[in-house]
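Structure assessment
In case you want the letters, here they are:
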2 protein chains.
Amino acid sequence: MKGGAGLPAHDPTDVWRRPERSPVGPKPEHSRNGIATAALRIADQEGLAAVSIRRVAASIGAGAASLYRYVKSHDELVELMMDAVAGEYQLEADGEHPRGRLLDLAHQGRDIMHRHPWLAPLLLTRPSMGPNSLRFLDAALAALAPVDLSGPAKLQIVAMMSAITSAFVQNELASLTSSGPDENASANRGQYIIDALQAGEYPHLAAAMAGHSATGDADEQFTSAITNYLTGAGIPIQLS
Amino acid sequence: MKGGAGLPAHDPTDVWRRPERSPVGPKPEHSRNGIATAALRIADQEGLAAVSIRRVAASIGAGAASLYRYVKSHDELVELMMDAVAGEYQLEADGEHPRGRLLDLAHQGRDIMHRHPWLAPLLLTRPSMGPNSLRFLDAALAALAPVDLSGPAKLQIVAMMSAITSAFVQNELASLTSSGPDENASANRGQYIIDALQAGEYPHLAAAMAGHSATGDADEQFTSAITNYLTGAGIPIQLS
DNA sequence: TCGAATTGCGATCACCGTTCGCAATCAAGA
DNA sequence: TCTTGATTGCGAACGGTGATCGCAATTCGA
């Protein structure tokens, strides 16, 4: 009935519910995992923008259209990538109290985003719902088990913690890049602000940027940002 | 020496430092502001993806290439849009205490992001540094003036508050869309998760989602999320 | 062995951001 | 007043993108 539409007949629209290979037909020359890995390498080295269908296909020696046998769309490829890196979490639960456990997960998240600089923006933008991501979510909720809060409230807390982590890392990465070797762009970029500050507009901004940044360790800053939030959210140091 | 490269001779690479019109030559038929407004309308109605150079140009009755006389790139157009909506803040400072003032700004931000659903992802992803955005930043710092913290620490707090706001709104918008009239997509989207939950993986996730969402008002939830963070960050109710 | 389903993929479509070159326009200087 | 030179508007084009189509080749179950 249908022409060569792209995907096999078993396509329940959801990547994770779709079997990778059907019992009939020639055996695929590639795999979802291999494709995700190739895409990941490209993203790590050249940024997310370099991850195009054609580029990924070429990097595994396949034709562009062939990728659509494994992946329904470019977005789905990105989903695969996100879940792949979510697999880097170490989720073994030691006997720590909730706050320490969550803090550990947050730090792991920060490390992962440092390894894969393209991740932070994505996490802030779209939810990742693959098996590895769900495993992470479950682990975070497990850490919150002894805390007396409603289920939705706990979900909210985990979501916020992840968001804060992503936002923090994004700031880190942005400032790292702007102090890089690309003098021109970043210099010009801030020129307007400098002018405006000297012109006397934004007095409070000027004052805030004048204060020396005696904050020291970025690690410490991150820890206190997360701790701040958890404290406000009512996560105690010892389990209540 | 140069062909028709695009922009006029006065192009200090920064939109905000570049004069809109030069004293010589024919008077422009459009304006930066008009273009931003047109782009904004398109984004509000059809989403950010619909804001292409060609589309915006057509909507104001101009040729595609003409837009580059006003804007150096698509990214710059987006910058214009972001700063335009940043102008919707009401920044008059009444005599409130820091916490109340910040909370008001956060609520205004949330309202703005509701009016312009494309905004939240952008704010989380790239900083906006136009005059209106800087005015907002300055107002937030003004609210923090009576608080005894270093300048950078205050900047950090404002950045985090904005990030939390954007993340919260993003969650709101995502759940609104998924419970919309588009039954198929959202149903299929969650199907995998439902299956996995019933299969017994992710027990804590299952438990958390089973608890009824007695949280009530989203407004209230938002207030407490922000308040939580501010409390943890050491912003008192009354000025210290 | 045969049929049905699947794979790989070249060609193609409809876009996208961006650049080029040129005619038309306008303000200032001669 | 006329000329000059920078600036505007823009059709055409370039290289790239995601996605679809149709077909030959492959493979497994019946």
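To keep things clear, this report deals only with the structure shown in the data block. A quick note: this is a predicted structure, and the numbers were derived from the prediction, not measured. (Residues numbered from 1 in each chain as written. Chains lettered and ligands numbered in written order. Predicted model: local features only at pLDDT ≥ 70, side-chain atom pairs only at ≥ 80, totals over all residues. Heavy atoms only, no water.)

A look at the interface of chain A and chain B
- At the interface, 52 residues of chain A touch 52 residues of chain B.
- Interface area for chain A against chain B, summed over the two sides, is near 4,500 Å², with a carbon-plus-sulfur share of 63%.
- Remark: the boundary between chain A and chain B carries 2 salt bridges.
- Note that Arg17(B) and Asp195(A) form a salt bridge whose closest N and O atoms lie 2.3 Å from each other.
- Seen at the junction of chain A and chain B, the total is 12 residue pairs in polar contact (both at pLDDT 80 or more).
- Counting residues per element, the ones that place at least two in the side of chain A that touches chain B are α5 (119-125), α6 (131-143), α7 (151-178), α8 (183-198), α9 (203-210) and α10 (218-233) of chain A.
- In terms of residue count, the dominant contributor to the side of chain A that touches chain B is α7(A) (12 residues).
- Residues that form the side of chain A that touches chain B fall into these classes: 28 nonpolar, 16 polar and 8 charged. (Contact = heavy atoms within 4.5 Å. Buried area = accessible area lost by both parts, 1.4 Å probe. Salt bridge = Lys/Arg side-chain N within 4 Å of Asp/Glu carboxyl O. Polar contact = N/O pair within 3.5 Å; in protein donor to acceptor, adjacent residues only side chain to side chain. Helix = DSSP H or I, 4+ residues; strand = E, 2+ residues; numbered from the N terminus. Nonpolar A, V, L, I, M, F, W, Y, C, P; charged D, E, K, R; others polar.)

Brief notes about unusual backbone geometry
All names here are of chain A.
- Even without a glycine there, the phi angle at Tyr-202 is positive, about 55°.
- Position of Tyr-202 among the secondary structure elements: in the loop between α8 and α9.
- For Tyr-202, a relative accessible area of 4% translates into the label buried. (Buried < 20%, exposed > 50% of the residue type's maximum accessible area, 1.4 Å probe, protein only.)

Looking at helix α4 (residues 98-115) of chain A
- With 18 residues, α4(A) extends 26 Å between its outermost C-alpha atoms, agreeing within 8% with the 26 Å of an ideal straight helix rising 1.5 Å per residue.
- In terms of burial, α4(A) is a largely internal element, 13 of the 18 residues being buried. (Expected span 1.5 Å × (residues − 1).)

Thoughts on the relation of the copies chain A and chain B
- Of the two same-sequence chains, chain A is brought onto chain B (RMSD 0.1 Å, axial shift 0.0 Å) by a rotation of 180°. What we have between these two chains is a two-fold relation.
- An overlap of 100% is found between the interface residues of chain A and their copies at the interface of chain B, pointing to a shared contact surface. (Least-squares fit on C-alpha atoms with pLDDT ≥ 70 in both.)

Observations concerning helix α1 (residues 32-46) of chain B
Residue and element names in this part refer to chain B.
- The end-to-end C-alpha distance of α1 is 21 Å, a good match for the 21 Å that 15 residues give at a rise of 1.5 Å each.
- Among the residues making up α1, those that are buried are Arg-32, Ile-35, Ala-36, Ala-38, Ala-39, Leu-40, Ile-42 and Ala-43.
- Next to the buried residues of α1 lie α2 (53-59) and α3 (74-86).
- A positive phi of about 90° marks Gly-47, the residue just after α1.

Structural notes on empty space enclosed by the protein
Residues and elements named next belong to chain A.
- Within the structure shown, the criterion is met by 3 cavities of 30 Å³ or more.
- Considered as a void within the structure, the largest cavity measures approximately 50 Å³ in volume.
- Lining of the largest cavity is provided by Leu-7, Pro-8, His-10, Arg-18, Pro-19, Glu-20, Arg-32, Arg-69 and Tyr-70. (1 Å grid on protein atoms, 1.4 Å probe; cavity = no way out; pocket = protein on both sides within 12 Å on 5 of 7 lines; lining within 4 Å. Points joined across faces, edges and corners; volume = space filled by probe spheres on them.)

Remarks on the packing of aromatic side chains
All names here are of chain B.
- Under the criterion given, the structure shown has 4 aromatic pairs over all chains.
- Between Phe-168 and Phe-222 the ring centres are 5.1 Å apart and the planes differ by 55°, which places this aromatic pair in the tilted class. Linking Phe-168 in helix α7 (residues 151-178) with Phe-222 in helix α10 (residues 218-233), this pair joins segments that are 54 residues apart in sequence.
- What makes Phe-222 buried here is its relative accessible area of 0%. (Phe/Tyr/Trp six-rings, centres within 6.5 Å; stacked < 30°, edge-to-face > 60°.)

With respect to the protein's contact with DNA strand D
- As a structural note, the neighbourhood of DNA strand D is formed by 31 residues, with Arg54(A), His74(A), Glu29(B), Arg69(B) and Tyr70(B) the closest of them.
- Each atom of DNA strand D within 4 Å of the protein belongs either to a base or to sugar and phosphate, the latter forming 51%.
- Within the side chain of Tyr68(A), one N or O atom sits 3.1 Å away from a phosphate oxygen of DNA strand D. (Near = heavy atom within 4 Å.)

Quick notes on the protein's contact with DNA strand C
- DNA strand C sits among 31 residues. The nearest are Glu29(A), Arg69(A), Tyr70(A), Arg54(B) and His74(B).
- Near the protein, within 4 Å, the atoms of DNA strand C are sugar or phosphate in 52% of cases.
- Within the side chain of Tyr70(A), a nitrogen or oxygen atom sits 2.7 Å from a phosphate oxygen of DNA strand C.
- In this structure, a base nitrogen belonging to DNA strand C sits 2.5 Å away from a side-chain N or O atom of Arg54(B).
- Here the residues of the surface near DNA strand C are counted per class, giving 14 nonpolar, 11 polar and 6 charged.

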